[in-house]
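# Summary of the model geometry
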Amino acid sequence: MITADAKARRSQLLSTYGIGGLFPSETSSFMIVGLDYWDEKRAPEVVEPRLARTLGVRELKSPPAGGKRDVPVVRFPYTQICPGCRRIGSTTDLGGDWNASHCRCKEGRAGAALSPFRLITACARGHIDEFPFFQWLHRDRSGVPGTKHEMKMKSLGRTSSLEDLVLECSCGVPPRSLDGASSASAMKGVTRCRGLRPWLGLEHSEPCSETPRVLQRGASNVWFPAVMSTISIPPYSEAVAKFVNKYWAALSNPAAVTDALLESLAAQSQFTKEEILSEVERRRGEAESGAKTEEQLREQEFRALMEGRAASKHESDFVCEKTVINGDFPVTVPEIFTDLRKVTRLREVRALHGFTRLSGEVTPENKCRLSIEEKHWLPAIEVIGEGIFLALDRNALNEWASTPFAQGRRARLQEAANRQADAFGRQPATIDIVKVALHTFAHVLIDQLSLDAGYPASSLRERLYVNEDMAGILIYTASSDSAGSLGGVASQADPEQFALAVEEGLTRLSWCSADPVCIESTASGTDAMNLAACHACVLAPETSCEVNNTLLDRALLFGTHEPDEEDAGLFSDYLAGR
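Residues numbered from 1 in each chain as written. Predicted model: local features only at pLDDT ≥ 70, side-chain atom pairs only at ≥ 80, totals over all residues. Heavy atoms only, no water.

## Let's talk about helix H12 (residues 433-452)
Side chains of residues three or four places apart in an α-helix project in the same direction, reflecting 3.6 residues per turn. Its 20 residues place the ends of H12 29 Å apart at the C-alpha level, agreeing with the 28 Å of an ideal helix rising 1.5 Å per residue. Most of H12 is tucked away: 16 of the 20 residues are buried. (Helix = DSSP H or I, 4+ residues; strand = E, 2+ residues; numbered from the N terminus. Expected span 1.5 Å × (residues − 1). Buried < 20%, exposed > 50% of the residue type's maximum accessible area, 1.4 Å probe, protein only.)

So, in structure tokens, the structure goes:
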């Protein structure tokens, strides 16, 4: 186990280079190891009891920082290639040392810098391994018995495709290119998954009967984080709740909560003895009520956003002002809009609780664990920002969703979801066409607010509140840097400014530079889980979207070019009246 000199932000250890993911460092490649090896003492606590209970841990902690071995890594892949002599092997084979960085190809002197092999293998259960280059070349072939096998990979130099990369061996076996190695069935008859989990240690492999897939080392489907997040809402966002949490180790014991202790705590804070005791009793009762599901957490947040929260004398992480109530907009907006909120301060906590490979959909079967033994904590980060919240008429949405147009679009997406589920051997997700429509509209808002509020789109994030009883969209700043809480997004909650943003955003994205190809598309995106959506219209930065830019369909908002579908979109009537 080694520590790379390269650095990463704490947020990247949850979103880009988390446990089990690959971390590029100049000419090397490393894998972040499990929580068993992290320096827990240097990991500050992130307070969010609701999320911790939902994830089944006692506490959440920010990734440690400041020391050289706070977050160790292991070299992966171990297979290296020398760009000078083109030999393939381990660092020991090529450089003479397990941690060598250069090849000994010049009469024993250090030669060219070693580069990690560009291909790896992974299976649907999350195991990851080296590319079996020896088996790939020697399958169904044999060389001269007793010959030493010195492998090389040469490039024909015609293109950058795998077809131009040719494996050779000193044993005399005929050369073979890597063409076809990336196909789904390429490893059948070549190798089986060895069940390796390098992030936990090579000794912690497990039996696996999957046929691995060959992937590019830097491919996006090598690692998908399983992240759960929540917005801190009252009473959890209040200053008294954070104060009590600091002393919860003592206050959690009823026998220890005496008048003397309460008076001592009140004397060193801005809260009265009664306020502290009330919060202690509330938290005890909440702990006894059990954990909430992710859906229940969203419902609590939706209610808090609808109820609003004025700024108080005590510091709070949740301030939400009501700007429009019950559809009383002073300007013309789509009739389906009911409420608008100006969220001047919010706090989001995101926790990593696992990861997957090949597919971003998390199931108990494919989710990989973060540690050898179950830990009492999980890595998390917090983001302080601001945003805008919009609620919509759920009954009107249901009525629109029952139209033949909406049901036809839903059927196409459901068919794609069924095919995806069959490919990975799991139950298909049920497509909610209302959620697809609101998700697409959320991307329209992100695109427009990035222009009006002056934020980069990558620093904005969506949060959808959609089920049978609620329909809402929260667009908020998702960056922990200087673009996080400047107030630009919240200012767009002014009804007149919001109306202009909606009108301009819908008008502008009702047409795409890729039309008519885009609007007439019947399958696009990952696993064909989008319909009319492309990078020229509603696809958003990866950091902005909750579901990896899937389940998007611009036609749901605007209709299509078909004569009977031109006015079938959710906002077709609104645009026709402008």
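There's more to say after this.
## Describing helix H9 (residues 294-307)
Along its 14 residues, H9 runs 20 Å from first to last C-alpha, staying within 8% of the 20 Å computed at 1.5 Å per residue. Those residues of H9 that sit buried are Leu297, Arg298, Gln300, Glu301, Phe302, Ala304 and Leu305. Positive phi shows up at Gly308, right after H9, with a value of about 75°.

## Describing the state of the cysteines
Joining two cysteines, a disulfide is a covalent bond between their sulfur atoms. For the structure on display, the rule yields 0 disulfides. Free of any disulfide, Cys85 has its nearest neighbouring cysteine sulfur in Cys82, separated by 3.6 Å. Free cysteine: Cys103, not disulfide-bonded; nearest cysteine sulfur from Cys82 at 3.7 Å. Residue Cys103 is classed as buried on the basis of its relative accessible area, which comes to 0%. (Disulfide = S-S within 2.5 Å.)

## Focus: the pattern of salt bridges
All told, the structure shown has 23 salt bridges when counted by the stated rule. In this structure, Glu59 and Lys61 form a salt bridge, with 3.9 Å as the shortest nitrogen-oxygen distance. By relative accessible area, Glu59 is classed as buried at 18%. Within this structure, Glu48, Arg50, Glu301, Asp317, Arg345, Arg347, Glu382 and Arg463 form a network of salt bridges that share partners. (Salt bridge = Lys/Arg side-chain N within 4 Å of Asp/Glu carboxyl O.)

## Considerations on the pairing of strand S20 (residues 471-477)
Burial within S20 is extensive, with 7 of its 7 residues counted as buried. Side chains Ala471, Ile473, Ile475 and Thr477 of S20 all project onto a buried face; the interleaved residues Gly472, Leu474 and Tyr476 project onto the opposite face, where all are buried too. Of the pairings in the sheet, the one linking strand S18 (residues 377-392) to S20 comprises 5 bridges and is antiparallel in character. Directly across from Ile388, in S20, lies its bridge partner Ile475. (Pairing = 2+ DSSP bridges.)

## Observations concerning the nonpolar core
Grouped together as the largest cluster of nonpolar side chains are 64 residues, with contacts concentrated most on Phe337, Leu392, Phe441 and Phe498. For Phe337, the residues in contact, after removing those within four places along its chain, are Gly327, Phe329, Leu390, Ala391, Leu392, Phe441, Phe498, Val502 and Phe571. Among the nonpolar cores identified, the runner-up in size contains 43 residues, and Ala52, Val71, Ile120 and Leu200 belong to it. (Core = buried A, V, L, I, M, F, W, Y, C linked by side-chain atoms within 4.5 Å. Contact = heavy atoms within 4.5 Å.)

## Some details on the packing of H12 against helix H13 (residues 495-509)
Packing of H12 against H13 brings their axes to within 9 Å, and their N-to-C directions diverge by 115°. Here H13 runs roughly perpendicular to H12, going by the angle between their axes. Crossing hand, H12 versus H13: right-handed. Taken together, the residues of H13 that come into contact with H12 (itself represented by Phe441, Val444, Leu445, Asp447, Gln448, Leu451 and Asp452) are Phe498, Ala501, Val502, Glu504, Gly505, Leu506, Arg508 and Leu509. Taken together, the residues that form the contact of H12 with H13 break down as 9 nonpolar, 2 polar and 4 charged. (Axes fitted to C-alpha atoms, helices over the stretch in contact; angles between N-to-C directions. Parallel < 35°, antiparallel > 145°, perpendicular 65-115°, else oblique. Left-handed = near helix turned anticlockwise from the far one by under 90°. Nonpolar A, V, L, I, M, F, W, Y, C, P; charged D, E, K, R; others polar.)

## Some points on the sheet that holds strand S9 (residues 119-122)
What the 3 strands build is an open sheet, ordered S10-S9-S14; its pairing is antiparallel. Unpaired on one side and paired on the other, strand S10 (128-130) and strand S14 (213-216) mark the two borders of the sheet. In this sheet, adjacent strand axes meet at a mean angle of 40° when their direction is disregarded. Alignment of S9 against S14, held across 4 bridges, turns out to be antiparallel.

## So, the pairing of S18
With respect to burial, S18 is a largely interior element, 14 of its 16 residues being buried. Sheet topology note: the strand S4 (residues 59-61)/S18 ladder contains 3 bridges and is parallel. In the strand pairing of S18, Glu59 is matched with Trp377. Inspection of the sheet shows strand S17 (residues 337-356) paired to S18 by 12 bridges, in the antiparallel sense. Looking at the pairing, Leu340 lines up with Leu390 of S18.

## Remarks on the packing of aromatic side chains
Note on aromatic pairs: each is described by the distance of the centres and the angle between the planes. Evaluated as defined, the whole model comprises 15 aromatic pairs. With a centroid separation of 6.4 Å and an interplanar angle of 25°, the aromatic rings of Phe329 and Phe498 are classed as stacked. Taken together, the positions of Phe329 in the loop between strand S16 (319-324) and S17 and Phe498 in helix H13 put the pair 169 residues apart, joining distant regions of the chain. With a relative accessible area of 11%, Phe329 lands in the buried category. In textbook terms, an aromatic cluster arises when at least three aromatic residues are bridged by ring pairs, as seen for Phe329, Phe337, Phe441, Phe498 and Phe571. Geometry around Trp377 places Lys61 over its ring, the cationic atom sitting 5.9 Å from the centre. (Phe/Tyr/Trp six-rings, centres within 6.5 Å; stacked < 30°, edge-to-face > 60°. Lys NZ or Arg CZ within 6 Å of the ring centre and 35° of its normal.)

## What to know about the sheet that holds strand S2 (residues 28-32)
Strand pairing in a sheet is mediated by backbone hydrogen bonds. Such pairs are either parallel or antiparallel. One open sheet holds the 3 strands; their spatial order is S1-S2-S5, and the pairing between them is antiparallel. Of all strands in the sheet, those with a lone pairing partner are strand S1 (22-25) and strand S5 (73-75), marking the two edges. For this sheet, the mean inter-axis angle between neighbouring strands, taken without regard to orientation, is 40°. Where S1 lies against S2, 4 bridges are found, and the strand directions are antiparallel. Considered in S2, the bridge of Pro24 is made with Ser29.

## Regarding the side chain of Arg463
Mapped onto the elements, Arg463 comes out in strand S19 (residues 460-466). The exposure class of Arg463 is buried, given its relative accessible area of 1%. A distance of 2.8 Å separates a polar atom in the side chain of Arg463 from a polar atom in the side chain of Ser229. With sequence-adjacent residues up to four places away left out, Arg463 is seen in contact with Ser229, Thr230, Ile231, Arg298, Glu301, Glu348, Gly472, Ile473, Leu474, Tyr476 and Glu546. (Polar contact = N/O pair within 3.5 Å; in protein donor to acceptor, adjacent residues only side chain to side chain.)

## With respect to a negative patch on the surface
A cluster of acidic residues, Glu335, Glu520, Glu562, Asp564, Glu566, Asp567 and Asp573, forms a negative patch on the protein surface. Taking the relative accessible area as the measure of exposure, Asp567 reaches 55% and is therefore exposed. (Patch = residues over 30% accessible without salt bridge, like charges linked within 9 Å, V, L, I, M, F, W, Y side chains within 5 Å. Areas by Shrake-Rupley, 256 points an atom, 1.4 Å probe, with all protein chains shown as cover. Lys, Arg positive; Asp, Glu negative; His and termini not counted. Charge placed at Lys NZ, Arg CZ, Asp CG, Glu CD.)

## Details of the environment of Glu503
Inspection of the secondary structure assignment puts Glu503 in helix H13. Measuring from C-alpha to C-alpha, the distance between Glu503 and Glu520 comes to 23 Å, with 17 residues separating the pair along the chain.

## Describing the environment of Asp317
Here Asp317 shows up in the loop between H9 and S16. Taking the C-alpha atoms as reference points, Asp317 and Ser232, 85 residues apart in sequence, are found 6.8 Å from one another. Here the side chain of Asp317 touches Arg345 through a polar contact of 3.2 Å, side chain to side chain.

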